Amino acid sequence: MHRNRIANRIKKVNLIRRIVQFTSALGINSYIPDIKNFSIYQGPSKSLCAPGLNCYACPFARTSCPIGSLQHFIVVRQFPYYVLGYIGLVGILVGRAFCGWLCPFGLLQELIKKITSFRIKIKKSWGILKYVILLLMIPVVYFTYEPWFCKLCPAGTIEGTFPIMLSPLWSELSQLISYRFFIKLFIAIAFIVLFVLVRRPFCRYMCPLGAMWGLFNRVSFVRMKVDVNRCLKCDLCQEVCPMDIKIYEDPNHYDCIRCLKCVYVCPQKVIEVELAGTALIKPKLRPVAKRGEISG
Amino acid sequence: MNRLKSYIVSLILLALLLFILIKGVKLKDYVEVELNGNILCLSCIGIE
């Protein structure tokens, strides 16, 4: 009975999140290219950054990728006021919540993970890798004048290359293929396999955008709060967490994407969401469930 | 008190980031669509 009640609440919050995620993904990718004169969208909204990782080259994209845009400005030697302002503003307002609610690439990873419940656990310390990538990306792009992250990014291959391979443009473009194309293809396929086995691996270990937003988790206006005195440390929060976090150890962990699953799964209702210090979401106390009874 | 301090820091950061964003928009230096004959970003799709 208790298990069903908690499972229903998880389903409800998941359903709301899925609706938001799909609305965001379809809204960002709502352009229908002309089949005969194939080209990507170039209207005014393409100047704006997407609320997540969504490739500029995707034939359906109406916005630009923030990481692609950042590299573009580094290459053309302009200070990226707009891109940094956008990333920072989102970060200071909601932290990494855009990763959990609006990012199309995050949604894709979650959907592919649904293929199997089997999962491989990777050491959390590998999470530092995305910061290494972020720190390396800036000087490498600056000195080589090349958007290196885009050249290797699996999101570009999945959202950009694969649809374009099905378009009439591909016969012309395929003549320009070099070994780098196969490296990019290999990386994308490796990540697709990882998506099946690991929860949101790209977000946890690779994404420089998530890395930047994660830095704001501790100072953003929306924050998580845990009453550690009442916490049972049953680890149900970690069991449902797409980022594999024990939220009671660090409520505003740099990997937390504020998906709110833990808030509703917690049997003691010790987790709440705050907006500028006042409780925004504070579930009422319900009876206890045991570890293993709930699945994400 | 610490929480108050951290929200003051957040407010200062918010103001700073808003300023940076507005400056970027005013300069109209946000991304221009100018890649490869107005067709594609070839780096994104893995072609040189």
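Residues numbered from 1 in each chain as written. Chains lettered and ligands numbered in written order. Predicted model: local features only at pLDDT ≥ 70, side-chain atom pairs only at ≥ 80, totals over all residues. Heavy atoms only, no water.

Considering the overall build of chain B
When helices and strands are counted, chain B shows three helices and zero strands. The order of α-helices and β-strands along chain B, N terminus first, is α-α-α. Working note: accessible area of chain B is about 3100 Å², and carbon and sulfur atoms make up 69% of it. (Helix = DSSP H or I, 4+ residues; strand = E, 2+ residues; numbered from the N terminus. Areas by Shrake-Rupley, 256 points an atom, 1.4 Å probe, with all protein chains shown as cover.)

As for the packing of aromatic side chains
All names here are of chain A. Scanning all chains against the criterion turns up 14 aromatic pairs over all chains. With centroids separated by 5.1 Å and ring planes inclined at 50°, the aromatic side chains of Tyr-31 and Tyr-41 adopt a geometry described as tilted. With Tyr-31 in the loop between α1 (2–28) and α2 (66–75) and Tyr-41 in the loop between α1 and α2, the pair connects residues that are ten residues apart, well separated along the chain. Of the two residues, Tyr-31 and Tyr-41, neither departs from the other in class, the shared state being buried. (Phe/Tyr/Trp six-rings, centres within 6.5 Å; stacked < 30°, edge-to-face > 60°. Buried < 20%, exposed > 50% of the residue type's maximum accessible area, 1.4 Å probe, protein only.)

A few points about the confidence of the model for chain B
All names here are of chain B. On average, residues of chain B carry a pLDDT of 76, and 69% of them reach 70 or more. Averaged pLDDT values for the elements of chain B fall to 43 in helix α2 (residues 36–39) and rise to 88 in helix α1 (residues 2–26). For the stretch residues 34–39, pLDDT sits under 50, and the model shows ten contacts to residues farther than four places along the chain or on other chains. For this predicted complex, the interface score ipTM comes out at 0.81, while the overall pTM is 0.89. (pLDDT = per-residue confidence, 0-100. Contact = heavy atoms within 4.5 Å.)

A look at the nonpolar core
Core analysis: the largest hydrophobic core is formed by 68 residues, its most contacted members being Leu-53, Ile-67, Phe-105, Phe-202, Met-224, Ile-247 and Ile-271 of chain A. When residues in this core are grouped by element, the largest group, seven residues, is from helix α3 (residues 81–94) of chain A. Three or more residues apiece are contributed to this core by two domains, here domain 1 (1–216) and domain 2 (222–281) of chain A. Setting aside residues up to four positions removed in sequence, Ile-271 of chain A forms contacts with Met-224, Lys-225, Val-226, Cys-237, Ile-247, Cys-262, Val-263, Cys-266 and Pro-283 of chain A. In terms of nonpolar packing, the next biggest core, distinct from the first, is built from 17 residues, Leu-169, Trp-170 and Leu-173 of chain A together with Ile-47 of chain B among them. (Core = buried A, V, L, I, M, F, W, Y, C linked by side-chain atoms within 4.5 Å. Domains from an automatic or database assignment.)

Quick notes on unusual backbone geometry
Residues and elements named next belong to chain A. Of note, the phi angle at Asp-235 is positive, near 65°, even though the residue is not glycine. Tracing the sequence through the fold places Asp-235 in the loop between β1 (222–226) and α13 (236–240). The exposure class of Asp-235 is buried, given its relative accessible area of 15%. Here Arg-258, not a glycine, exhibits a phi torsion of approximately 55°, which is positive. One can find Arg-258 in the loop between α13 and α14 (261–265).

Some thoughts on the pairing of strand β2 (residues 271–275) of chain A
Note on strand geometry: in a regular strand, side chains alternate between the two faces of the sheet. Residues and elements named next belong to chain A. Across the five residues that make up β2, a large majority, four, are buried. In this sheet, β2 lies alongside β1 in antiparallel orientation, the contact comprising five bridges. Note on β2: the bridge partner recorded for Arg-223 is Glu-274. Direction of pairing for β2 relative to strand β3 (residues 278–281): antiparallel, over a ladder of three bridges. Opposite Glu-274, over in β3, you have Ala-279 as the bridge partner. Count of turn residues in the β2/β3 antiparallel hairpin: two residues, of which Ala-276 carries a positive phi of about 50°. (Pairing = 2+ DSSP bridges.)

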